[in-house]
Each structure stands twice: as C-alpha cells, then as structure tokens.
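Topology and contacts: notes
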Amino acid sequence: MAVSISSTVYTTTVSASASSIKEGAHRKSCSLTKQIPFSFTPLSSRPRKLFRAQATVLQEDDKKVAVEESFQPKSVCVDDGKGTPGESSESSSSSGLESWVIKLEQSVNVFLTDSVIKILDTLYHDRDYARFFVLETIARVPYFAFISVLHLYESFGWWRQADYLKVHFAESWNEMHHLLIMEELGGDAWWFDRFLAQHIAVFYYFMIVFMYALSPRMAYHFSECVESHAFETYDKFIKAKGEELKKMPAPVVAVKYYTGGDLYLFDEFQTSRVPNSRRPKIENLYDVFVNIREDEGEHCKTMKACQIHGNLRSPHSFQEDAIEDDSGCIPPRADCEGIVDCMKQSFTSPQAKE
C-alpha cells in the first residue's frame with residue numbers, strides 16, 4: 001500500500017515537473033517568436049525541390065537588382081518622397097558620375113575603333129581576304145587578354161567564376177577557326193599583312209590587359225565595337241559578292257569546324273542561344289561567310305552581356321542545372337525544346353507549382 005502511494009506521488013510530481021518545463025519552453029518559444037519577425041520551418045518538413053526552386057528564384061531576383069543598379073542609375077535614384085534630401089542628392093551625384101564615366105569610356109572606344117577602321121579602309125579597300133585576315137588576327141586577342149587577367153585574379157583569390165573562363169576560351173577558339181579559314185583562302189599571302197596584323201595584335205593585347213584591369217566594362221564595350229565592325233564588314237561583303245561566293249567551294253577547315261562531331265565549344269560561346277539550337281550547313285563559300293557573320297553577331301551579344309558585372313553564364317550551365325534537377329527532369333531528346341522545358345521547370349516558383 002505504501003509503495004503504491006509512493007509511486008503515485010512520484011508520478012504526479014514528474015508529470016507536474018514535465019508540465020512546468022513544457023510551459024516554460026512554450027513561453028520562451030512565444031517570446032522568441034515575438035522577437036524574430038519571421039517564422040522558421042525546419043528543412044525536414046519542406047520538400048527539397050521547393051526549397052531549391054525558391055533559392056533559384058531569389059538568385060534571379062538578385063541578378064535583376066544588380067542589372068538595375070548597373071545600367072539604370074536614373075530609375076534607381078528617382079526621388080519617391082520617402083528619402084531625405086541629403087540621401088537623394090548624394091545618390092543623384094553618384095549616378096551622374098557613373099553615367100559620365102560610362103559615356104567617357106564609350107567615346108574613347110568609338111574613337112579608337114574608328115581610327116583603326118580608317119587605317120584598314122585605306123590599306124585594304126580592294127583586298128577583302130587580306131583585310132579579313134587582319135581583322136581575325138586582331139579580333140581574337142581580347143579573349144586572350146580577358147583570360148590572362150582572370151587567371152591572375154583567380155590565382156590571388158580575388159574573384160573566381162569559371163563561366164567567364166569557359167566562354168572566353170570558346171570565343172577565342174571560334175575566332176581562331178575564322179583565322180584558319182582566311183589563311184586557307186590566301187589572306188596571309190603577303191609578308192606585310194602578316195607583319196602588320198601580328199604587331200597590332202601584340203600592342204592590342206597589352207592595351208586590353210590594362211583596360212580590363214582598369215575597367216572590365218570598358219574593355220568589353222571596346223570588344224563589342226570591334227565585333228560589331230566585323231559583322232558589318234562581312235555583311236557588306238556577302239551582299240556585294242553573294243552570287244559569286246555560291247559558286248565557290250567551302251574551305252576544308254570550315255566544313256570540319258561547323259559540321260564536326262564535337263560542337264561543345266561552338267555552342268559555348270553563343271550565350272544567347274540554347275545548346276544544339278544552331279547547326280550550320282556548309283555547301284559552298286557563301287555559307288561559310290554567312291556563318292562567320294552570324295558568329296560575329298553572337299560575339300556582340302556576349303560582349304554586351306558581359307558589361308553587366310557577373311551577368312555572364314555558360315549556356316551549358318543552364319543545361320546541366322536542368323538535367324541535375326531533383327525533380328528528375330531529364331530531356332527526352334537532345335534538342336533545344338527538351339532542354340528549354342527543363343529550364344522552365346527549374347526556374348518555376350513554388351507558388352506557381354502549387
């Protein structure tokens with residue numbers, strides 16, 4: 001009887017103690033909830049897919065903010081009546097200074113590009129292939145310079161982003177094949193042309209290295225100007241001699257490059273396209289120059305995108321993200337439609353899916 005009463009008292013005491021502990025923990029939890037302005041849900045209660053998709057959406061929002069701050073300073077600094085006069089004037093002065101610097105950089109780039117164009121027009125007004133040889137020798141130099149500076153930053157641990165190295169190498173690989181095509185067409189036949197192109201390239205390399213270290217935005221814009229001129233040059237040539245080019249055979253190096261088995265690097269430099277979405281057909285010399293012109297247009301788009309810091313991403317990175325998605329989204333076919341479907345799913349917000 002005594003043992004039974006003792007057990008009952010002990011059980012009651014333990015239950016009361018446990019109740020008091022739970023009540024105290026509940027009070028602490030309530031007070032903690034009042035202090036913290038948001039609620040926290042354990043990761044175990046969330047589907048991993050939703051958490052990962054949400055992180056992707058937040059990352060995209062962060063990129064949009066960065067774009068607005070970099071290229072739309074006026075819209076960011078518009079006075080909405082909420083900021084103090086001191087803050088508004090300070091942000092306006094900062095925005096005005098940045099706009100002035102951008103205009104100065106672009107004016108210098110346009111002046112340098114126009115100067116080189118006038119020299120080439122004077123020396124090569126009636127020698128197209130030699131002019132293209134000089135252009136392609138010069139056009140691939142900036143990508144060497146970008147990679148050199150990025151490797152230096154990477155060695156010091158200042159800034160590391162593999163997509164830039166991949167894309168710039170792919171761009172240099174594309175320009176190298178343009179150069180090989182011009183050499184096969186006889187553009188490097190004269191010693192003077194080789195001497196001029198190579199010495200300009202050496203000077204151009206160190207100039208771009210210095211410019212890229214000083215202002216990557218300025219260096220990318222200068223390269224955009226050069227690529228834009230190359231696009232216009234090939235476009236005029238195709239329109240002027242299109243019928244003649246259709247009767248001439250395509251160089252062997254062009255056929256191998258554009259229709260070869262491994263086109264990973266060919267897709268890599270086209271950052272505005274989904275991989276495997278462009279597969280040229282080379283039947284004559286006209287097709288070769290059309291594709292070279294299209295390549296220059298893709299370079300222009302990439303250089304324009306690079307002028308926003310951190311905006312460049314390898315097109316294969318999106319494809320890898322889609323394939324490795326936890327939802328099991330694997331393209332049923334190796335074409336652009338299947339990859340685009342997966343890319344859309346991987347960037348869909350959890351609210352939309354629910």
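Note that this is a predicted model, so its numbers are computed, not measured. (Residues numbered from 1 in each chain as written. Predicted model: local features only at pLDDT ≥ 70, side-chain atom pairs only at ≥ 80, totals over all residues. Heavy atoms only, no water.)

Some remarks on the overall build of the protein
Helices and strands together make up the secondary structure of the protein, namely 15 helices and 0 strands. In the protein, which comprises 354 residues, the share counted as buried stands at 36%. Once local pairs closer than 6 in sequence are excluded, the contacts in the protein between residues at least 24 apart make up 77%. Looking at the protein as shown, the accessible area adds up to about 20,800 Å², and 61% of this sits on carbon and sulfur atoms. (Helix = DSSP H or I, 4+ residues; strand = E, 2+ residues; numbered from the N terminus. Buried < 20%, exposed > 50% of the residue type's maximum accessible area, 1.4 Å probe, protein only. Contact = heavy atoms within 4.5 Å. Areas by Shrake-Rupley, 256 points an atom, 1.4 Å probe, with all protein chains shown as cover.)

What to know about the packing of aromatic side chains
Using the criterion set out here, one finds 22 aromatic pairs in the structure. Judged by centre distance (5.1 Å) and plane angle (80°), the rings of F132 and F237 are edge-to-face. One end of the pair, F132, is in helix 5 (residues 128-139); the other, F237, is in helix 9 (residues 216-246), and 105 residues separate them in sequence. Considered together, F132 and F237 belong to a single accessibility category, that of buried residues. Aromatic rings pair up to connect Y129, F132, Y234, F237 and F289 into one cluster. Directly above the aromatic system of W190 lies the positively charged group of R127, at a separation of 3.6 Å from the ring centroid. (Phe/Tyr/Trp six-rings, centres within 6.5 Å; stacked < 30°, edge-to-face > 60°. Lys NZ or Arg CZ within 6 Å of the ring centre and 35° of its normal.)

Digging into the packing of helix 5 against helix 12 (residues 285-306)
Helix 12 packs onto helix 5 with a crossing angle of 35° between their chain directions and a minimal axis gap of 14 Å. Here helix 5 and helix 12 pass one another in a crossing that is left-handed. Contacts between helix 5 and helix 12 pair Y129, F132 and E136 from the former with L285, F289, I292 and E296 from the latter. Residue composition of the contact of helix 5 with helix 12, grouped by class: 5 nonpolar, no polar and 2 charged. (Axes fitted to C-alpha atoms, helices over the stretch in contact; angles between N-to-C directions. Left-handed = near helix turned anticlockwise from the far one by under 90°. Nonpolar A, V, L, I, M, F, W, Y, C, P; charged D, E, K, R; others polar.)

Some remarks on unusual backbone geometry
You will see that N276, though not glycine, has its phi angle at about 75°, which is positive. Structurally, N276 is set in the loop between helix 11 (264-268) and helix 12. For N276, a relative accessible area of 30% corresponds to the partly exposed category.

Section: the pattern of salt bridges
Any two side chains of opposite charge can pair, given that their charged atoms come close. Within the structure shown, the criterion is met by 13 salt bridges. Linking D121 and R131 is a salt bridge whose minimum nitrogen-to-oxygen distance equals 2.9 Å. Placement of D121 in helix 4 (residues 85-123) and of R131 in helix 5 is noted, with a sequence separation of 10 residues between them. Among the salt bridges present, the one from D235 reaches K239, with a minimum N-O distance of 3.1 Å. In this pair, D235 and K239 are both assigned in helix 9, 4 residues apart and thus about one turn of the helix distant. For D235, a relative accessible area of 15% puts it in the buried group. (Salt bridge = Lys/Arg side-chain N within 4 Å of Asp/Glu carboxyl O.)

Looking at the nonpolar core
In this structure, F146, Y258, V288 and F289 are the most contacted members of the largest nonpolar core, which totals 57 residues. Looking at this core, the elements that each hand over two or more residues are helix 5, helix 6 (141-156), helix 7 (162-184), helix 8 (191-214), helix 9, helix 10 (252-259) and helix 12. Sorting elements by how many residues they give to this core places helix 9 first, with 10 residues. Ignoring sequence-local partners within four residues, the contact set of F146 consists of H168, I208, Y212, A219, Y220, S223 and M303. (Core = buried A, V, L, I, M, F, W, Y, C linked by side-chain atoms within 4.5 Å.)

Describing the environment of F146
By the element assignment, F146 lies in helix 6. Judged by its relative accessible area of 0%, F146 falls in the buried class. Separated by 19 residues in sequence, F146 and L165 place their C-alpha atoms 8.3 Å apart.

A look at the UniProt feature "transmembrane region" (unreviewed entry) in the protein
As annotated by UniProt and renumbered to match this structure, "transmembrane region" (unreviewed entry) occupies residues 132-153 and 195-214. The span residues 132-153 is 95% helical and 0% strand by assignment, and the distance between its end C-alpha atoms comes to 33 Å. The span residues 195-214 is 100% helical and 0% strand by assignment, and the distance between its end C-alpha atoms comes to 29 Å. (UniProt positions renumbered as here; feature names shortened; annotations may be inferred.)

Quick look at the packing of helix 5 against helix 9
The contact between helix 5 and helix 9 brings their axes to 12 Å, and the two run at 155°. With respect to each other, helix 5 and helix 9 are oriented roughly antiparallel. Once helix 5 is placed against helix 9, the crossing between them reads as left-handed. Counting all contacts with helix 5, which are made through D128, Y129, R131, F132, L135, E136 and A139, the residues of helix 9 involved are E227, H229, T233, Y234, F237, K241 and L245. (Parallel < 35°, antiparallel > 145°, perpendicular 65-115°, else oblique.)

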